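One-letter residues, chain by chain:
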Amino acid sequence: MEDAVNITICLFIIVGSIFIHELGHAIMFWLFRVKVQYLLIGYEIPWLTLSFRLPLNNLLDRIGISLAILAGLTRPNHKEFNRLSRKKCIAIFSAGVLMNYAISILLLLSLGFNLFDALILPPQLMLELPLYVGKPISEIVKTYLNLPVIPIRDAFPPGHWALRFALAINVFFLWNALPMGNSDGACIMAEIFRKPEK
């Protein structure tokens, strides 16, 4: 029963971290008076996605969640979005990662780190993640989180392991700032090098 509760907590943390990231983008859209047509937690796969309309006429049309939860999407009204300046677009693409960075700082502070360490640790932890590629998950958890895998409930006071897991997920999302694939970092780079319209 406890394992099921722990797995449920982990899923809520993952979904919550993705939602916070996408909410960062959405807030910036709203600040620049761009309507969000769709906010999705997960990959947009029709038969795995549950979505519904919201009565937020000037802010948001639909919100959804997918069983493929390791991504997110904030789709704006493209006509309104295309009229924005380069600086505003960069601010929008940066907002998701900045939200995850802010959450990482708050989690580190709640784990007892001082403010200076809380500010510099998330990028450092993010850059160390590739060192764990190909290693067993249990070794990553032990090394990266300094957290014995079994039994979780005996390793820390109640809720402490969940804070560490939430920190790991939010630090992982900082990779989205790097310019690769469809990441926010790639969108930022595209905006920086975009030729101005004549």
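Residues numbered from 1 in each chain as written. Predicted model: local features only at pLDDT ≥ 70, side-chain atom pairs only at ≥ 80, totals over all residues. Heavy atoms only, no water.

1. Quick word on the overall build of the protein
No. 1: Check the secondary structure of the protein and you find 8 helices and 4 strands.
No. 2: Mapped in sequence order, the helices and strands of the protein form the string α-β-β-β-β-α-α-α-α-α-α-α.
No. 3: Looking at the protein as a whole, 39% of its 198 residues qualify as buried.
No. 4: When the accessible surface of the protein is summed, it comes to about 12,000 Å², and 68% of that surface belongs to carbon and sulfur atoms. (Helix = DSSP H or I, 4+ residues; strand = E, 2+ residues; numbered from the N terminus. Buried < 20%, exposed > 50% of the residue type's maximum accessible area, 1.4 Å probe, protein only. Areas by Shrake-Rupley, 256 points an atom, 1.4 Å probe, with all protein chains shown as cover.)

2. Let's talk about the pattern of salt bridges
No. 1: Enumeration according to the criterion identifies 2 salt bridges in this entry.
No. 2: The partner of Glu44 in a salt bridge is Arg75, and the shortest N-O contact between them spans 2.7 Å. With a gap of 31 residues between them, Glu44 in the loop between strand 1 (36–41) and strand 2 (49–56) and Arg75 in strand 4 (residues 72–76) connect regions that are remote in the sequence.
No. 3: Judged by its relative accessible area of 26%, Arg75 falls in the partly exposed class. (Salt bridge = Lys/Arg side-chain N within 4 Å of Asp/Glu carboxyl O.)

3. Details of unusual backbone geometry
No. 1: Positioned with a positive phi, Arg33 is a non-glycine residue whose angle comes to about 60 degrees.
No. 2: Mapped onto the elements, Arg33 comes out in the loop between helix 1 (2–31) and strand 1.
No. 3: Note on Arg33: relative accessible area 69%, which makes it exposed.

4. Thoughts on the packing of aromatic side chains
No. 1: Summed over the entire model, instances satisfying the criterion amount to 2 aromatic pairs.
No. 2: With 5.7 Å between their ring centres and 75 degrees between their planes, Phe29 and Phe81 make a pair best called edge-to-face. Placement of Phe29 in helix 1 and of Phe81 in helix 2 (residues 78–82) is noted, with a sequence separation of 52 residues between them.
No. 3: On the basis of relative accessible area, Phe81 is assigned to the buried category, the value being 13%.
No. 4: Relative to Phe93, the ring of Phe81 has its centre 6.1 Å away and its plane inclined at 85 degrees; by these criteria the two rings are edge-to-face. One end of the pair, Phe81, is in helix 2; the other, Phe93, is in helix 3 (residues 86–110), and 12 residues separate them in sequence.
No. 5: The rings of Phe29, Phe81 and Phe93 are connected pair by pair, giving a single aromatic cluster. (Phe/Tyr/Trp six-rings, centres within 6.5 Å; stacked < 30°, edge-to-face > 60°.)

5. A look at the nonpolar core
No. 1: In this structure, Ile13, Ile14, Phe165, Leu167 and Ile169 are the most contacted members of the largest nonpolar core, which totals 23 residues.
No. 2: Taken together, the elements giving at least two residues each to this core come down to helix 1, helix 3, helix 4 (115–128) and helix 7 (160–173).
No. 3: For this core, the leading source of residues is helix 7, giving 7 residues.
No. 4: Excluding anything up to four places from it in sequence, Ile169 contacts Ile13, Ile14 and Ser17. (Core = buried A, V, L, I, M, F, W, Y, C linked by side-chain atoms within 4.5 Å. Contact = heavy atoms within 4.5 Å.)

6. Comments concerning the packing of helix 3 against helix 8 (residues 184–192)
No. 1: Viewed as axis vectors pointing N to C, helix 3 and helix 8 meet at an angle of 170 degrees, and their least axial separation amounts to 9 Å. When the interaxial angle is binned, helix 3 and helix 8 end up roughly antiparallel. Judged by the twist between their axes, the crossing of helix 3 over helix 8 is left-handed. Contacts between helix 3 and helix 8 involve Arg86, Cys89, Ile90, Phe93, Ser94 and Val97 from the former and Asp184, Cys187, Ile188, Glu191 and Ile192 from the latter.
No. 2: A per-class count over the contact of helix 3 with helix 8 returns 7 nonpolar, 1 polar and 3 charged. (Axes fitted to C-alpha atoms, helices over the stretch in contact; angles between N-to-C directions. Parallel < 35°, antiparallel > 145°, perpendicular 65-115°, else oblique. Left-handed = near helix turned anticlockwise from the far one by under 90°. Nonpolar A, V, L, I, M, F, W, Y, C, P; charged D, E, K, R; others polar.)

7. Here we look at the confidence of the model for the protein
No. 1: In the predicted model, the protein carries a mean pLDDT of 79, and the fraction of residues at 70 or more is 80%.
No. 2: Below a pLDDT of 50 lies the segment residues 147–158, which in the model reaches 17 contacts outside its immediate sequence neighbourhood of four places, other chains included. (pLDDT = per-residue confidence, 0-100.)

8. Regarding the side chain of Glu22
No. 1: With respect to the secondary-structure elements, Glu22 resides in helix 1.
No. 2: No salt bridge is formed by the buried Glu22. Its closest oppositely charged neighbour is Arg75, at 10 Å.
No. 3: Filtering out sequence-adjacent residues up to four positions away, Glu22 remains in contact with Leu39, Leu40, Gly72, Leu73 and Thr74. (Lys, Arg positive; Asp, Glu negative; His and termini not counted.)

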